[in-house]
Amino acid sequence: REPPVPNNFHQCGTAYPWRQAAIANAIEVLQMELEGHDAASIPELVAAASTEVPGTQIAALKLKRNLPKIGKATYDVAIKVISDIASETAKKTLGLKP
């Protein structure tokens, strides 16, 4: 059994390249059908929801508010991608299995 692979560099908290790619995918999927301020806020919200920071729960709540604004097919993909990158707090807030 292999040890778990960390998501972020231990010292600075920056996401590893494979993690950055997953976060970029989540941003792209969510921005596909959102417009204006909603689309512009997605990068910050996804970044906060992907790590345990003081704003994680609020970011997850804002993401949850935006999800009904996208179509069913995009929603299904977005939930899958978000569940792969979200922190435990964000998953609980979004109603996803931790």
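Analysis parameters
- Residues numbered from 1 in each chain as written.
- Predicted model: local features only at pLDDT ≥ 70, side-chain atom pairs only at ≥ 80, totals over all residues.
- Heavy atoms only, no water.
- Helix = DSSP H or I, 4+ residues; strand = E, 2+ residues; numbered from the N terminus.
- Buried < 20%, exposed > 50% of the residue type's maximum accessible area, 1.4 Å probe, protein only.
- Contact = heavy atoms within 4.5 Å.
- Core = buried A, V, L, I, M, F, W, Y, C linked by side-chain atoms within 4.5 Å.
- Expected span 1.5 Å × (residues − 1).
- Bend = angle between axes of the 7 residues up to and from the residue.
- Salt bridge = Lys/Arg side-chain N within 4 Å of Asp/Glu carboxyl O.
- pLDDT = per-residue confidence, 0-100.
- Arc of directions from axis to C-beta.

Let's hear about the environment of Asn7: which residues, and what values?
When you line up the elements, Asn7 lands in the segment before helix H1 (17-31). The partly exposed category is assigned to Asn7, whose relative accessible area is 36%. Distance in space between the C-alpha atoms of Asn7 and Gln20 is 9.1 Å, their sequence separation being 13 residues. Non-local contacts of Asn7, meaning those with residues more than four positions away in its chain, are made with Ala15, Tyr16 and Arg19.

Go over the nonpolar core with me, naming the residues and quoting the values.
The biggest cluster of nonpolar side chains holds 26 residues, and the ones touching the most others in it are Leu30, Ile42, Val46, Leu63, Leu67, Ile82 and Leu94. At the level of secondary structure, the elements contributing two or more residues to this core comprise H1, helix H2 (36-49), helix H3 (56-66), helix H4 (72-85) and helix H5 (88-94). When residues of this core are assigned to their parent elements, the largest contribution, 6 residues, is made by H2. If sequence neighbours within four positions are ignored, Leu67 has contacts with Leu30, Tyr75, Ala78, Ile79, Ile82 and Leu94.

Quick one: what's the story with H2, residue by residue and with numbers?
Compared with an ideal rise of 1.5 Å per residue, which puts 14 residues at 20 Å, H2 spans 20 Å between its outermost C-alpha atoms and is within 8% of the ideal. Of all bends in H2, the biggest is about 40°, found at Ile42, and the proline Pro43 comes one to four residues later. As for H2, its buried residues are in contact with H1, H3, H4 and H5.

So what about the pattern of salt bridges? Which residues, and what values?
Summed over the entire model, instances satisfying the criterion amount to 3 salt bridges. Across the pair Asp84 and Lys80 runs a salt bridge, and its minimum N-O distance is 3.0 Å. Placement of both Asp84 and Lys80 in helix H4 is noted, with a separation of 4 residues, approximately one turn of the helix. What makes Lys80 partly exposed here is its relative accessible area of 48%.

Now, about the confidence of the model for the protein: what can you tell me, with residues and values included?
Averaged over every residue, the pLDDT of the protein is 90; residues scoring 70 or more account for 100%. Summarising per-element confidence for the protein, the mean pLDDT is lowest in H1 (90) and highest in H3 (96).

Go over H3, please, and point to the residues and values.
It helps to recall that an α-helix has 3.6 residues per turn; residues three or four apart then point in one direction. Residues of H3 that are buried include every one of Thr56, Ala59, Ala60, Leu63 and Asn66, and no others. Buried residues of H3, seen end-on, are gathered within an arc of 115° and therefore sit on one face of the element. Buried positions along H3 lie against H1, H2 and H5.

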